[in-house]
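# Topology and contacts: notes
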Amino acid sequence: MMIMKKKFAVIGYPIKHSKSPQLHEAGFLELEIDASFEKLEIHPDDLSAWLTDEFINYAGVAVTIPHKEAVMKLVDKIAPAAEKIGAINTLYWENEQIVGTNTDCIGALKALQTECPELSEKKVLILGAGGASRGVIFALKTANSKLSIWNRTTSKAEQLAEEFEIEAIKDLKAVDGEDFDIIINTTSVGLKEWESPVPEDFFSSRNIVFDIVYDPLETKFLSDAENVGATTITGDKMLVHQALEQFKIWHGTELEMEIMEQAFFE
Ligand code: ATR
């Protein structure tokens, strides 16, 4: 009998800049797993057909922008965390059924725990109310943190605040870093631009400041925080930890963080 190489992939649109293949391939090499990891650009109109016709050839698939929400309607089973977050970033097989789960939330939690192991009762300000924000809120609710959310479009912050039973902040001018232990940017502000969602003098030296943006790694948001002596966490930490979680699901084995962290910078 011929043993087939296990196939994995990341699907998105566009997909050129995805770092998933290099992170997972580093794991294959380290643990001598005979597998491949492709980047597949799939147009939103073709997503449903791809899952029906092509997913069968893959042992697991990572799902990225803009498919994380759309894929919810196309799988056989959804893990509880993904259901509550409303987004799937990982697909795998279970008894011939396609299961969708979400490892972004565990990724966010583990990234934060690199600087703050005990998140319970910590006061956290979350900036942004998009898909990424939902994952971070879910993760920190499970960790029992005290959450506040601000968004440029206030109504969206209020909706999320109601759904997750957390505080909505209407005007950023009414608060500053001193009021919080942890401040997290989940907006796309800072992505390939030198902008920050908060004023330059917002932070306090006691803050732990986390940006999920990883292109660039050093954002204005983190740079302003560093300038007052705050502790900062860069976006690669979340990416690596969510990929480690996928690795565990797909291969049933743990991989050391350093292996993927090193691959991120290659
Ligand atoms: P993702 O899935 O990555 O979270 P998204 O759902 O498109 O992406 O959400 C983008 C987030 O970045 C939103 O919170 C958005 O704020 P609005 O709801 O007001 O649009 C936020 N965002 C994008 N550009 C922004 C800007 N220039 N200033 C402030 N917030 C911004």
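What you see is a predicted model, and the numbers here were worked out from it, not measured in a lab. (Residues numbered from 1 in each chain as written. Predicted model: local features only at pLDDT ≥ 70, side-chain atom pairs only at ≥ 80, totals over all residues. Heavy atoms only, no water.)

### Overview of the pairing of strand 10 (residues 182-185)
- Taking every second residue as pointing to the same face, both faces of strand 10 are buried, with I182 and I184 on one and I183 and N185 on the other.
- With four bridges joining them, strand 7 (residues 123-127) and strand 10 adopt parallel strand pairing. From the neighbouring strand, I126 faces strand 10, where its bridge partner is I184.
- In terms of strand pairing, strand 10 meets strand 11 (residues 208-211) through four bridges, oriented parallel. Counted as the bridge partner of I182 is I208 from strand 11. (Buried < 20%, exposed > 50% of the residue type's maximum accessible area, 1.4 Å probe, protein only. Helix = DSSP H or I, 4+ residues; strand = E, 2+ residues; numbered from the N terminus. Pairing = 2+ DSSP bridges.)

### Brief notes about the side chain of K68
- Within the secondary structure layout, K68 lies in the loop between strand 3 (60-63) and strand 4 (77-78).
- Relative accessible area serves as the criterion here: at 18%, K68 is assigned to the buried category.
- In contact with K68, not counting residues within four places along its chain, are V63, G86, A87, I88, N89 and D104. (Contact = heavy atoms within 4.5 Å.)

### What about the domain arrangement of the protein chain?
- When the domains of the protein chain are assigned, the result is domain 1 (6-102 + 238-264) and domain 2 (106-233).
- The C-alpha centroid of domain 2 is placed 26 Å from the C-alpha centroid of domain 1.
- Across the contact, 11 residues belong to domain 1 and 16 residues belong to domain 2.
- Around 1,300 Å² of area is buried between domain 1 and domain 2 when both sides are counted, 71% of it from carbon and sulfur atoms.
- Contact with domain 2 buries area across many residues of domain 1, yet K84, I85 and M238 alone supply 46% of it, more than any other trio.
- The tally of links from domain 1 across to domain 2 stands at two salt bridges.
- The salt bridge involving K84 is made with E163; its shortest N-O contact spans 4.0 Å.
- Joining domain 1 to domain 2, the criterion identifies two residue pairs in polar contact (both at pLDDT 80 or more).
- Secondary structure elements with two or more residues in the side of domain 1 that touches domain 2: helix 3 (80-85) and helix 8 (236-251). (Domains from an automatic or database assignment. Buried area = accessible area lost by both parts, 1.4 Å probe. Salt bridge = Lys/Arg side-chain N within 4 Å of Asp/Glu carboxyl O. Polar contact = N/O pair within 3.5 Å; in protein donor to acceptor, adjacent residues only side chain to side chain.)

### Some remarks on the sheet that holds strand 7
- Across the sheet, six strands lie side by side as 9-8-7-10-11-12; this open sheet has parallel pairing. Looking at which strands have only one partner, the edges of the open sheet turn out to be strand 9 (167-168) and strand 12 (231-233).

### Re the environment of K7
- Along the chain, the position of K7 falls in strand 1 (residues 6-12).
- Taking the relative accessible area as the measure of exposure, K7 reaches 28% and is therefore partly exposed.
- As for K7 and N57, which are separated by 50 residues in sequence, their C-alpha atoms are 7.0 Å apart.
- Look past the residues within four positions of K7 in its chain and what remains in contact with it is S36, E38, N57, Y58, A59 and G60.

### Observations concerning helix 1 (residues 20-31)
- End to end, helix 1 covers 17 Å across 12 residues, agreeing with the expected 16 Å (1.5 Å per residue, within 8%).
- Looking at helix 1, one finds that the buried residues are S20, P21, L23, H24, A26, G27 and F28.
- Positive phi shows up at E32, right after helix 1, with a value of about 50 degrees. (Expected span 1.5 Å × (residues − 1).)

### With respect to the site of the ligand
- Every residue near the ligand is listed here: G128, A129, G130, G131, A132, N151, R152, T153, K156, T187, S188 and V189.
- For the ligand, an oxygen atom lies 2.9 Å from a polar atom in the side chain of R152.
- A total of 650 Å² of accessible area belongs to the ligand in isolation, and the protein chains cover 66% of it.
- Per-class residue counts for the shell around the ligand are three nonpolar, seven polar and two charged. (Near = heavy atom within 4 Å. Areas by Shrake-Rupley, 256 points an atom, 1.4 Å probe, with all protein chains shown as cover. Nonpolar A, V, L, I, M, F, W, Y, C, P; charged D, E, K, R; others polar.)

### Overview of a negative patch on the surface
- A cluster of acidic residues, E30, E32, E256 and E258, forms a negative patch on the protein surface.
- Looking at the element boundaries, E30 is found in helix 1.
- By relative accessible area, which is 46% here, E30 ends up partly exposed. (Patch = residues over 30% accessible without salt bridge, like charges linked within 9 Å, V, L, I, M, F, W, Y side chains within 5 Å. Lys, Arg positive; Asp, Glu negative; His and termini not counted. Charge placed at Lys NZ, Arg CZ, Asp CG, Glu CD.)

### Description of the packing of helix 5 (residues 131-142) against helix 6 (residues 154-164)
- Two elements in contact, helix 5 and helix 6, have axes whose closest approach is 12 Å; the angle formed by their N-to-C orientations is 30 degrees. Taken together, helix 5 and helix 6 sit at an angle that is classed as roughly parallel. Both helix 5 and helix 6 take part in a crossing whose hand is right-handed. Counted together, S133, R134, I137, F138 and K141 of helix 5 and L160, E163 and F164 of helix 6 form the full contact between these two elements.
- Its residues assigned to classes, the contact of helix 5 with helix 6 comprises four nonpolar, one polar and three charged. (Axes fitted to C-alpha atoms, helices over the stretch in contact; angles between N-to-C directions. Parallel < 35°, antiparallel > 145°, perpendicular 65-115°, else oblique. Left-handed = near helix turned anticlockwise from the far one by under 90°.)

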